[in-house]
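In case you want the letters, here they are:
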Amino acid sequence: MLLKSIIFSITIFSFIPYILAQLPCGQAMDLNTWSQEGYASTGQWTVNASGTQVVQSVNGASTWFVSPEDYINVLIQGSIKVNTSADDDLVGFVFGYENPIGTLTNPSNTYLKTFVLDWKQSTQTFVGMNCTEGFALYQMDGNFDFTNITIQGSGQVYPEMWQRVNSANLNLLDTDYSNNGWNDFQQYNFQLKYTYDSIVIWIDGNRIFEESGCYNPGKFGFYNQSQDDVIYSNFSYAHIADFSVSDTVFCVSDTAFFELGLGCSSAYNASLNYDWSFGDGGLGTGVSPWHDYQTGGVYQVELMVTDSTGCSTSTVQNILVDFGDTSVGSYIDSSCYFQTTLYANANNGSWSSDSSVLFGSVSSNSTSVEVVSNGEYNFYWDYVSSNGCPFTDTVSVTFHPMNINLQANNPSCSDGSDGLLNVVVSGVAPYTYDWTGNGVNSNLQGLQNLSAGTYDLHVEDAIGCDYDTSVTLIEPVSFNFTILEVDADCDTVNGVFGVSDLTGDNGPFQFDWGNGPTQDSIQEQLLAGSYSVEIIDANGCDTLVNGVVNLGGVSLVLDSLVPLACYGDTNAYVEVTCLTDNGSYTYNWDDGTSSNVLNAVSAGTYTVVVTTLNPGCIDSMTISVPEPQELLIIAPSDSVFCSGVNVDLVSVVQGGTGGYNYSWNNMAGGSSYSVFINQDTLVALRVEDSLGCVAEKLITLNTHPSPFANFSISDSIFCVGNSNLVDFVNFSTPSDADFQWFFGDGNQSSLVNPSHLYADTGVYSVLLIAENSFGCLDSAELINAIYVYPRPLASFIYSPATITIEDTDIDFYDQSSGNPIYWEWSFHGNGSSNMQNPEYNFPAEIGDYSVLLIVQNEFGCLDSVTQILTIKDDFTIYVPNTFTPDGNETNNTWEVELKNAEDYLLRIRVYNRWGELIWESHDAQQGWDGSYNGRLVPDGTYVWIIEVKGGDLDKPFVKQGHINVLK
């Protein structure tokens, strides 16, 4: 057996654990049918009764245990475990195993062919030959000397398969030497995929190797070299269906050829059935069938492999039989015109037709086409698909343009509504009509009773062809004429009314004055009054003309009205004039005035009547003199204020005429006024508008007395954390006022004489606000009144941290913060120092000692800290260097004695000369009896290491030495 150079190992390579189940329709392997091959003396394989597990128990050169069947295109899985910690050599598997089979007739020169996966726990050198920790995958192919075994002690190896390097017989395919050796007593799950063209190996779901090539069927088995107590169990297999196709895209009528193993091998497992489904209903058998596809499409080809037990597995691949590029793009199958546009998705091709047509471009995949008459036309796009297959696509388009005949009759009269519209359509009946515009919304073919305006028409036939048009109906020109009106004198029949200069589209015209139509357009010898005449044209259109013959002879006009300037004035002026052709006349006002002028009157309504003396015509007029809006001062009003304040008065004025001028206490100013008041005060306001109207107001400002705020403080400088309580003394009047203090640190008080504690460093201003019973305020403030300085924070450390009577010379290190400038040390009352980092020698006596540090900063602020130092007795370790575990009454155990180590954690370890840990204890009372794994160790020298940590140790205390074992 090979000894491990290092007994313990640390596995850095990690695996993803998973649960191994029997493969779907997988066949359990009966290991009772297997056999050991190779050199018989190098292995001992023992199978359990159920045939599910085998144990290899000989530590010898390479040995393998193989199946009776050949495997290819399979997935094999099971578990492996090394059930010992006594060795660290090679375990693994063989597959594709072809030779040797049976007893070796020429052991020194026997042909060996197989693939080998082996796995080494740790790197090892044996007789100068190195074997590296981890995985190796290689093929043995050549004559092999099974007698060439290198032996040292109980160790036996084949050199080639131990070193795993390329040679005449060994072809190294791949390695994974990455600190990933197997672990003792750990079960690993193994999977192998072995096909005509690939090898894939997994351990616990992690892919270790993946190789591509051409591989032949062979047996599967287990492999060991120089390793015993290896258990293989629960192995099963399932077939893998895998095939290749001569191409993945075919044209219609092409032949597709199918083949197993990508053409790697012609040796197939004759015990398997191969059944094919070609996706279009066609079926086949065998390892290399072929099939013709007659229709384009995507077909799923399935291969099903069935073994002699009826267990089946299948795989599918998709192949494309080109059905073209769906070349003709978007187009319409009918056209409302003699032209349309054709689109094809394929770029390369040509257009043709079996009729006489005009293409815009026969070689463009997007082209226009024109025809000469109605009817159905066929167009052909010939192209080669992107896969090289020829195709012809056909497009059929029917052409049927629409014709429109629109009939219109205008309204007969201006503003008339007897117009007509009608449409006649030729196309594919039936038709839908949509009339809109000028208030119309109709789906009739024709419209009646229409007025002048524009009408829109949308027509659509049965196949979706449509037509849009607009038509405007025009009304005739309306009547144009001049109205003739002549006044009648007072009580005289000499007025005239009628029309002249009459024009229009539909003459001649007639005139109806109420007694039937005549040719007379003018009436004379009329009294004053209202008259009307109806004009009628040749189409019967008419219009009514109204007019007035006024009473002539006298009329009044307003010459002048001077209005009032200010509210309540009596200085308005009114003047009228009489216009007449009838001699003299008189004026008569309702206030008795008999002239044409009213002077110095107030606001109101006044009526004047004028009368001619001959023939007595009368006219009258009513005149209104308006009252101006009164100018008023709305604000300010009488108010009460605290004394000693500035009062801002703002005026509010309404009425009058804009552009106000203000005067405050006989001084010109603006609309606002500011006045300082210490006592009751009167303010006079005068406002004058732009017309000189004036408003005045006297404002009374009454006062309340204001308080007087004043205070003092008890102290102004403090250190934070000391007694920073400040007393505030209030000298304000009146003393019964309400007070509010603001201490500058966010805190407030409403006491008369408060006290306040400042908790934080800083400079603080204090504000006092006093309010009396009238709500009047005063304030007093001391800026930067309180100074609170920071204190230092005393702290120190000392070294050593653990003090024993062996060394009482202690160094002290100041760790204080806050910028101290003065230090005072006191060492248990026996000594002192003003150094920042002093040294002091304590008595070499066990006990507790107090150390006091006082520090002071630049502001005179102090802080102190006290620590207790403990001086202890030192702990001692006594270790024997020899003991004799021979079973007599003395010196049978090796024991370590520790003094004063009760508070510490202890670890005692013993190693052999190979660095293997053979004994460990955490209790000094427990001794070693010289045994390892239940047996006494050989005589010799061993290494001990004692580690003490915890308690008050700054770092672990470690000591080592040698012990001699003699028997």
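Residues numbered from 1 in each chain as written. Predicted model: local features only at pLDDT ≥ 70, side-chain atom pairs only at ≥ 80, totals over all residues. Heavy atoms only, no water.

**Quick notes on the overall build of the chain**
Just so we agree on the cut-off: Strands are runs of DSSP state E lasting at least two residues, helices are runs of H or I lasting at least four, and both sets are numbered from the N terminus onward. Computation of the radius of gyration draws on C-alpha atoms, with the globule rule given as 2.2 Å multiplied by the number of residues to the power 0.38. Computed with a 1.4 Å probe, the accessible areas rest on the Shrake-Rupley method; for each residue, only the protein chains presented here act as cover. Asp and Glu are treated as the negative residues and Lys and Arg as the positive ones, with His and the ends of the chain left uncounted. Throughout, a charge is located at the NZ atom of Lys, the CZ atom of Arg, the CG atom of Asp or the CD atom of Glu.
Within the chain, the secondary structure is distributed over one helix and 88 strands. The C-alpha radius of gyration computed for the chain amounts to 63 Å, which surpasses the reference 30 Å derived for 967 residues by more than 25%, pointing to a less compact arrangement than a globule. Dimensions along the principal axes, computed over C-alpha positions, put the chain at roughly 180 × 120 × 45 Å. Summed over all atoms, the accessible surface of the chain reaches about 48,800 Å², with 47% contributed by carbon and sulfur. Each charge sign in the chain was given a centre, from 21 positive and 111 negative side chains, and these centres are 40 Å apart.

**Observations concerning the UniProt feature "domain: PKD" (unreviewed entry) in the chain**
Going by this rule: UniProt positions are given in the numbering used here, feature names are shortened, and annotations may be inferred rather than shown by experiment.
Under the UniProt annotation, "domain: PKD" (unreviewed entry) lies at residues 274–321 and 726–775. The span residues 726–775 is 0% helical and 50% strand by assignment, and the distance between its end C-alpha atoms comes to 29 Å.

**As for the sheet that holds strand β66 (residues 725–730)**
Convention followed: Paired strands, in this sense, are two strands between which DSSP finds at least two bridges. Note on geometry: axes are C-alpha line fits, over the in-contact stretch for helices, and angles between N-to-C directions span 0 to 180 degrees.
Strand order across the open sheet formed by three strands is β64-β66-β69, with antiparallel pairing between neighbours. Strands at the two margins of the open sheet, each flanked by one partner only, are β64 (711–713) and β69 (755–757). This sheet shows a mean twist of 25° between the axes of neighbouring strands, independent of strand direction. Relative to β69, β66 runs antiparallel, the two being bridged by three bridges. Within β69, the residue paired with Val-726 across the bridge is His-756.

**Here's the deal with a nonpolar patch on the surface**
What counts, and what does not: Within the patch definition used here, like charges are joined within 9 Å and nonpolar side chains (Val, Leu, Ile, Met, Phe, Trp, Tyr) within 5 Å, considering only residues with over 30% relative accessible area and no salt bridge. By convention in these notes, a salt bridge is any Lys or Arg side-chain nitrogen within 4 Å of a carboxyl oxygen on Asp or Glu. Remark: exposure states derive from per-residue accessible area (1.4 Å probe, protein chains only) relative to the maximum for the residue type, with buried under 20%, exposed over 50%, and partly exposed in between.
The grouping of Leu-484, Val-486 and Ile-522 at the surface amounts to a nonpolar patch, some 190 Å² of accessible area in total. Take Val-486: it is sitting in strand β42 (residues 480–486). Residue Val-486 is classed as partly exposed on the basis of its relative accessible area, which comes to 35%.

**Re the sheet that holds strand β25 (residues 290–292)**
Spatially, three strands are ordered β20-β22-β25 in an open sheet, and the strand pairing comes out antiparallel. Of all the strands in the sheet, the pair left with one neighbour each is β20 (243–245) and β25. Along the sheet, successive strands turn relative to each other by an average axial angle of 20°, direction set aside. Across three bridges, strand β22 (residues 255–260) lies against β25 in antiparallel orientation. When the sheet's bridge partners are listed, Ala-256 is paired in β25 with His-291.

**Looking at the side chain of Asn-73**
Selection criterion: By the criterion applied in these results, polar contacts are pairs of N or O atoms within 3.5 Å in which, for protein atoms, one can donate a hydrogen and the other can accept it, and in which residues neighboring in sequence qualify only through two side-chain atoms. Two residues form a contact once any of their heavy atoms are found within 4.5 Å.
Along the chain, Asn-73 turns up in the loop between β5 (63–66) and β6 (74–82). Its relative accessible area of 8% is what places Asn-73 among the buried residues. A polar atom in the side chain of Asn-73 sits 3.1 Å from the backbone nitrogen of Tyr-196. Once residues lying within four places of it in the same chain are set aside, the contact partners of Asn-73 are Tyr-194, Thr-195, Tyr-196, Ala-238, His-239, Ile-240 and Asp-242.

**Some points on the state of the cysteines**
Here is the rule we go by: Note on disulfides: each one is a pair of cysteine sulfur atoms within 2.5 Å.
The tally for this structure, following the rule as stated, stands at six disulfides. A sulfur-sulfur distance of 1.6 Å marks the disulfide that ties Cys-413 to Cys-541. Torsion about the S-S bond of the Cys-413 and Cys-541 cystine: about -80°, corresponding to left-handed handedness. Note that Cys-413 is positioned in the loop between β35 (403–409) and β36 (419–426) and Cys-541 in the loop between β47 (529–536) and β48 (542–549), a separation of 128 residues in sequence.

**Things to note about the side chain of Asp-461**
Checked against the element boundaries, Asp-461 lands in the loop between β40 (453–460) and β41 (466–473). Put simply, Asp-461 is tucked away with no salt bridge, and the nearest opposite charge, on Lys-193, sits 63 Å away. Among the polar contacts made by the side chain of Asp-461, one reaches the main-chain amide nitrogen of Ile-463 at a distance of 3.1 Å. Other than its neighbours up to four places away in sequence, Asp-461 contacts Met-402, Gly-427, Val-428, Pro-430 and Tyr-431.

**Here we look at the confidence of the model for the chain**
Using the following cut-off: By definition, pLDDT measures how confident the predictor is in each residue, and it falls between 0 and 100.
Chain-level statistics for the chain give a pLDDT mean of 86 and a share of 93% at 70 or above. Considering only residues more than four positions removed or in separate chains, one finds that residues 1–22, a stretch of pLDDT under 50, has 56 contacts.

**Side note on the packing of aromatic side chains**
Note the following rule: Only Phe, Tyr and Trp rings are paired, with Trp represented by its six-membered ring, and only when their centres lie within 6.5 Å; those with planes under 30 degrees apart are stacked, over 60 edge-to-face, the remainder tilted.
Evaluation of the coordinates by the stated rule reveals 66 aromatic pairs. The interplanar angle of 40° and the centroid separation of 6.0 Å between the aromatic rings of Trp-45 and Tyr-232 together place this pair among those described as tilted. Residue Trp-45 is located in strand β3 (residues 45–47), and its partner Tyr-232 is located in strand β19 (residues 230–239); the two are separated by 187 residues in the primary sequence. Residue Trp-45 is classed as buried on the basis of its relative accessible area, which comes to 8%. For the ring pair Phe-222 and Tyr-232, a centre distance of 4.2 Å and an interplane angle of 5° mean the geometry is stacked. Here Phe-222, found in strand β18 (residues 219–225), pairs with Tyr-232, found in strand β19; they are ten residues apart in sequence, far enough to count as distant. Taken as a pair, Phe-222 and Tyr-232 share a single burial class, namely buried. Linked through ring pairs, Trp-34, Trp-45, Phe-65, Phe-93, Phe-190, Phe-220, Phe-222, Tyr-232 and Phe-235 together constitute an aromatic cluster.

**Describing the environment of Ala-794**
For Ala-794, the location among the structural elements is in the loop between β71 (777–789) and β72 (796–799). With 59 residues separating them along the chain, Ala-794 and Leu-853 place their C-alpha atoms 7.0 Å apart.

**Describing the pairing of strand β23 (residues 273–277)**
The alternating pattern of β23 places Tyr-274 and Trp-276 on a buried face, while none of Asn-273, Asp-275 and Ser-277, on the opposite face, is buried. For β23 and strand β26 (residues 297–306), the ladder comprises five bridges, and the chain directions are antiparallel. In the sheet register, Asp-275 faces β26, and the bridge partner there is Met-304. If you look at the hairpin formed by β23 and strand β24 (residues 283–285), you'll find five residues sitting between the two strands, and Gly-279 has a positive phi there, around 90°.

**Focus: unusual backbone geometry**
Note on backbone geometry: most residues besides glycine have negative phi, and most peptide bonds are trans. Of note, the amide linkage connecting Ala-429 to Pro-430 takes the cis form, showing an omega dihedral of 0°. For Pro-430, the location among the structural elements is in the loop between β36 and β37 (432–437). Backbone torsion omega between Ser-799 and Pro-800 reads 5°, so that peptide bond is classified as cis. Looking at the element boundaries, Pro-800 is found in the loop between β72 and β73 (803–804).

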